[in-house]
Amino acid sequence: MEILKRILLISLFIAGAFKVSAQTNAVLQKTFHNSYTDETNKNYVAAINDITPYYAESNYEINVRLGWLNYLNKNYNASQSYYLKAVNLKPGSIEAKFGYIKPLSFLQSWDKVLEQYNDIIKIDPQNTQANYWAGVIYYNRKQYDPAIKCFKIVITLYPFDYDGNHMLGWSSLMAGKKAEAATYFEKALIIKPDDASSLDGLSKAR
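Read on for an overview of the structure. (Residues numbered from 1 in each chain as written. Predicted model: local features only at pLDDT ≥ 70, side-chain atom pairs only at ≥ 80, totals over all residues. Heavy atoms only, no water.)

**Examining the overall build of the protein chain**
Of the regular secondary structure elements, the protein chain holds 11 helices and zero strands. Taken from N to C terminus, the helices and strands of the protein chain fall in the order α-α-α-α-α-α-α-α-α-α-α. Each of the 206 residues in the protein chain was classed as buried or not, and the buried ones make up 39%. Across the protein chain, contacts joining residues at least 24 apart in sequence account for 43% of those joining residues at least 6 apart. Surface accessibility of the protein chain: about 12200 Å² in total, with carbon and sulfur atoms responsible for 57%. (Helix = DSSP H or I, 4+ residues; strand = E, 2+ residues; numbered from the N terminus. Buried < 20%, exposed > 50% of the residue type's maximum accessible area, 1.4 Å probe, protein only. Contact = heavy atoms within 4.5 Å. Areas by Shrake-Rupley, 256 points an atom, 1.4 Å probe, with all protein chains shown as cover.)

Right, here's the structure in full:
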């Protein structure tokens, strides 16, 4: 009899937990719906206020949502704070890292931006967006060898991509690899004929 009572109590507890969870999800669905509507109307403050009463630091979706809305509202410090929490909650999330990069870029926190791109590349080595923009940062820092490595991944996956060939041409040229640079500039000019930057690079590579 005692065992039956325990089973009954456990069953009631589980049922109660499911009911609370369902109610919570229903509230969040309505909250997010209202927030999306306000965002569509470009009322970002209202969209943020829709979510804020239900904020939980351990909730990934809410942190990502508030990161995005604060970014749209040009509150980049708040945006990066929420996105960082999302990154920490789900370290394997590429979407959170790309989100985090947005406010970091406006705050010109380029070391942190590069760190996020490299973290994405560790998870997804062939991610073309992360490789391309990491390559751009390396190029701007005159770190041509890692830039070349990144751009080569881009054109391996997308051989007929102008941006990848163009930047690989310039990175190779600046690294003193003129023959390789000329090849990439010539490819870029097939994709985008008469491009001034590629023509300039090609003339310097010859």
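**Looking at the packing of helix H9 (residues 162–174) against helix H10 (residues 178–191)**
Two elements in contact, H9 and H10, have axes whose closest approach is 8 Å; the angle formed by their N-to-C orientations is 155°. Between H9 and H10, the angle falls in the class roughly antiparallel. As for how H9 packs across H10, the hand of that crossing is left-handed. Taken together, the residues of H10 that come into contact with H9 (itself represented by Tyr162, Asn165, His166, Leu168, Gly169, Trp170, Ser172 and Leu173) are Lys178, Glu180, Ala181, Tyr184, Phe185, Lys187, Ala188 and Ile191. (Axes fitted to C-alpha atoms, helices over the stretch in contact; angles between N-to-C directions. Parallel < 35°, antiparallel > 145°, perpendicular 65-115°, else oblique. Left-handed = near helix turned anticlockwise from the far one by under 90°.)

**Focus: the pattern of salt bridges**
One pass over the structure, following the stated rule, counts six salt bridges. Arg206 is the salt-bridge partner of Glu186, the closest N and O atoms lying 3.0 Å from each other. One end of the pair, Glu186, is in helix H10; the other, Arg206, is in the segment after helix H11 (196–205), with 20 residues separating them in the sequence. What makes Arg206 exposed here is its relative accessible area of 67%. In this structure, the salt-bridge partner of Asp195 is Lys192, at a minimum N-O distance of 3.9 Å. (Salt bridge = Lys/Arg side-chain N within 4 Å of Asp/Glu carboxyl O.)

**A short note on the side chain of Ser171**
Residue position: Ser171 is located in helix H9. According to the relative accessible area criterion, Ser171 is buried, its value standing at 0%. Polar contacts involving the side chain of Ser171 include one to the main-chain carbonyl oxygen of Met167, which spans 2.9 Å. (Polar contact = N/O pair within 3.5 Å; in protein donor to acceptor, adjacent residues only side chain to side chain.)

**A look at the packing of aromatic side chains**
Throughout the structure, instances matching the rule amount to 11 aromatic pairs. With a centroid separation of 5.7 Å and an interplanar angle of 70°, the aromatic rings of Tyr55 and Tyr82 are classed as edge-to-face. Here the residue Tyr55 occupies a position in the loop between helix H2 (44–51) and helix H3 (60–72), and Tyr82 occupies one in helix H4 (residues 76–89), the gap between them amounting to 27 residues. Put simply, the rings of Trp68, Tyr71, Tyr76 and Phe106 pair up and form one aromatic cluster. Lying across the ring of Tyr60, Lys90 places its NZ or CZ 5.7 Å from the centre. Lys192 extends its terminal NZ or CZ atom over the ring of Tyr162, reaching a point 4.7 Å from the ring centre. (Phe/Tyr/Trp six-rings, centres within 6.5 Å; stacked < 30°, edge-to-face > 60°. Lys NZ or Arg CZ within 6 Å of the ring centre and 35° of its normal.)

**Structural notes on the packing of H3 against helix H5 (residues 94–106)**
Relative orientation and spacing of two packed helices are given, respectively, by the angle between their axes and the distance between those axes. At a closest axis distance of 10 Å, the pairing of H3 and H5 adopts a crossing angle of 30°. Overall, the two elements H3 and H5 adopt an arrangement that is roughly parallel. In the packing of H3 onto H5, the handedness of the crossing is left-handed. Residue-level contacts link Tyr60, Trp68 and Tyr71 of H3 to Glu95, Ala96, Lys102, Pro103 and Phe106 of H5. Taken together, the residues that form the contact of H3 with H5 break down as six nonpolar, no polar and two charged. (Nonpolar A, V, L, I, M, F, W, Y, C, P; charged D, E, K, R; others polar.)

**Section: the nonpolar core**
Counting 39 residues, the largest nonpolar core has Tyr117, Ala134 and Phe151 as its most contacted members. Every residue in contact with Phe151, bar those within four places of it in the chain, is listed here: Tyr132, Gly135, Val136, Gly164, Met167, Leu168 and Ser171. Core analysis: the next-biggest nonpolar cluster, separate from the first, contains eight residues, Phe32, Ala47, Ile51 and Leu66 among them. (Core = buried A, V, L, I, M, F, W, Y, C linked by side-chain atoms within 4.5 Å.)

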